[in-house]
Amino acid sequence: MNKRHAKLLELVNANGRIEVTLLSEKLAVSQVTVRKDLALLEEKGLIKREHGYAVMISSDDINNRLACNYDVKLKIAILAANLVENGETVMIESGSCCALLAQELATNKRDVTIITNSAFVASYIRECPYGKVVLLGGDYQKESQVVVGPITRKCIESFYVDKLFVGTDGFTELAGFTGNNHMRTETVRTMAENANKVIVLTESRKFFMQGVVSQFKINEVTILVTDNKIPEVMESLLVQNNLDVQVVDTQ
């Protein structure tokens, strides 16, 4: 992925469906180059191609969430990957930043074992050269492609790790980090019980949003990896509560 690919994704997501000729004009490259880029992005599951057009994937699909602000999410994932040592075992929950983190670990680290409840994450990194995946069992949620419920809890109880990486759906000063699905959130909290550190990966825009169920209080999170557009008041609040805030430059 390069800056042109990221810009192309932005244009497709902004328009929903856009002609190859128009993409060529806006990106100042040939239509042949655009078609090659679209083939790459379709192979990654980020867009769909129709005759003469690039089309956004359904907004309910995790691939669509992955394509939105891809370059920022990738920077967050790369920074988070620096927190993991070769040979380490980590837990990773679902989400677009977490999927990109798993890809970084399975591509650029050695002998890292990833324990996850996300079938999407397991599939997304299946062709990466390194990394081992332990896929937890449980009740399958089709939209988010994760497993949840009592079977998942029993599976989680078998593992203890130093780091758990999770996404979040929102944040408020009162509620802390929040989620939109109570079953997923309950599973994440179970995973956190068997991890020494909880590390949240999220874009700064989530600090302008709020989920419907409490995920983690501020003091339950060790590290936040986000971008440099996080509101100053929120960053100060987190730092005052001894949360390590690590930011990437969006430029």
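So, a few notes on the structure that sits alongside this text. Computed from a predicted structure; not experimentally measured. (Residues numbered from 1 in each chain as written. Predicted model: local features only at pLDDT ≥ 70, side-chain atom pairs only at ≥ 80, totals over all residues. Heavy atoms only, no water.)

**Some remarks on the nonpolar core**
For step 1, the next point in the chain: Membership of the largest hydrophobic core comes to 46 residues, with the highest contact counts inside it found for Ile 92, Leu 101, Leu 105, Phe 165 and Leu 201.
For step 2, the next point in the chain: No other element matches helix H6 (residues 96–108), which puts eight residues into this core.
For step 3, the next point in the chain: Leave out the neighbours within four places in its chain, and Leu 201 touches Ile 76, Ala 80, Cys 97, Cys 98, Leu 101, Phe 165, Val 166, Gly 167, Thr 168 and Val 225.
For step 4, the next point in the chain: Ranked by size, the runner-up nonpolar core spans 27 residues in total, among them Val 188, Val 200, Phe 207 and Leu 224. (Core = buried A, V, L, I, M, F, W, Y, C linked by side-chain atoms within 4.5 Å. Buried < 20%, exposed > 50% of the residue type's maximum accessible area, 1.4 Å probe, protein only. Helix = DSSP H or I, 4+ residues; strand = E, 2+ residues; numbered from the N terminus. Contact = heavy atoms within 4.5 Å.)

**Topic: the layout of surface pockets**
For step 1, the next point in the chain: Considered as a void within the structure, the second largest pocket measures approximately 380 Å³ in volume.
For step 2, the next point in the chain: Taken together, 14 residues line the second largest pocket, and the ones lying closest to its centre are Glu 43, Lys 44, Tyr 124, Arg 126 and Glu 127.
For step 3, the next point in the chain: Secondary structure elements with two or more residues in the lining of the second largest pocket: helix H3 (31–43) and helix H7 (119–124).
For step 4, the next point in the chain: The leading source of residues in the lining of the second largest pocket is H7, at four residues. (1 Å grid on protein atoms, 1.4 Å probe; cavity = no way out; pocket = protein on both sides within 12 Å on 5 of 7 lines; lining within 4 Å. Points joined across faces, edges and corners; volume = space filled by probe spheres on them.)

**With respect to the sheet that holds strand S3 (residues 53–56)**
For step 1, the next point in the chain: Pairing is antiparallel across the open sheet formed by three strands, whose spatial order is S1-S3-S2. Edge strands, defined here as strands with exactly one partner in the open sheet, are strand S1 (17–19) and strand S2 (47–50). The average angle at which neighbouring strand axes cross in this sheet is 25°, direction not considered.
For step 2, the next point in the chain: As paired elements, S2 and S3 share four bridges and run antiparallel to each other. Bridging across to S3, Lys 48 finds its partner in Val 55.
For step 3, the next point in the chain: H3 contacts S2 and S3 of the sheet and is inclined by roughly 130° relative to S2. (Pairing = 2+ DSSP bridges. Axes fitted to C-alpha atoms, helices over the stretch in contact; angles between N-to-C directions.)

**With respect to the environment of Ser 144**
For step 1, the next point in the chain: Its location among the elements puts Ser 144 in the loop between strand S7 (139–141) and strand S8 (146–148).
For step 2, the next point in the chain: Exposure remark for Ser 144: the relative accessible area of 7% places this residue in the buried category.
For step 3, the next point in the chain: Within the local environment of Ser 144, its side chain forms a polar contact with the side chain of Gln 141, the two groups lying 3.3 Å apart. (Polar contact = N/O pair within 3.5 Å; in protein donor to acceptor, adjacent residues only side chain to side chain.)

**Focus on H3**
For step 1, the next point in the chain: Taking 1.5 Å of rise per residue, the 13 residues of H3 would be expected to cover 18 Å, and the 18 Å separating its terminal C-alpha atoms lies within 8% of that figure.
For step 2, the next point in the chain: All of the buried residues in H3 are Val 34, Asp 37, Leu 38 and Leu 41. Summarising the axial view, the buried residues of H3 lie within an arc of 100°, below the 170-degree limit, and thus occupy one face. Opposite the buried face of H3, by more than 90 degrees, sit the exposed residues Lys 36 and Glu 43.
For step 3, the next point in the chain: Buried residues along H3 sit in contact with helix H1 (3–15), helix H2 (20–27), S2 and S3.
For step 4, the next point in the chain: Looking one or two residues beyond H3, the residue adopting positive phi is Gly 45, at roughly 80°. (Expected span 1.5 Å × (residues − 1). Arc of directions from axis to C-beta.)

Just geometry here; none of it tells us what the structure is for.
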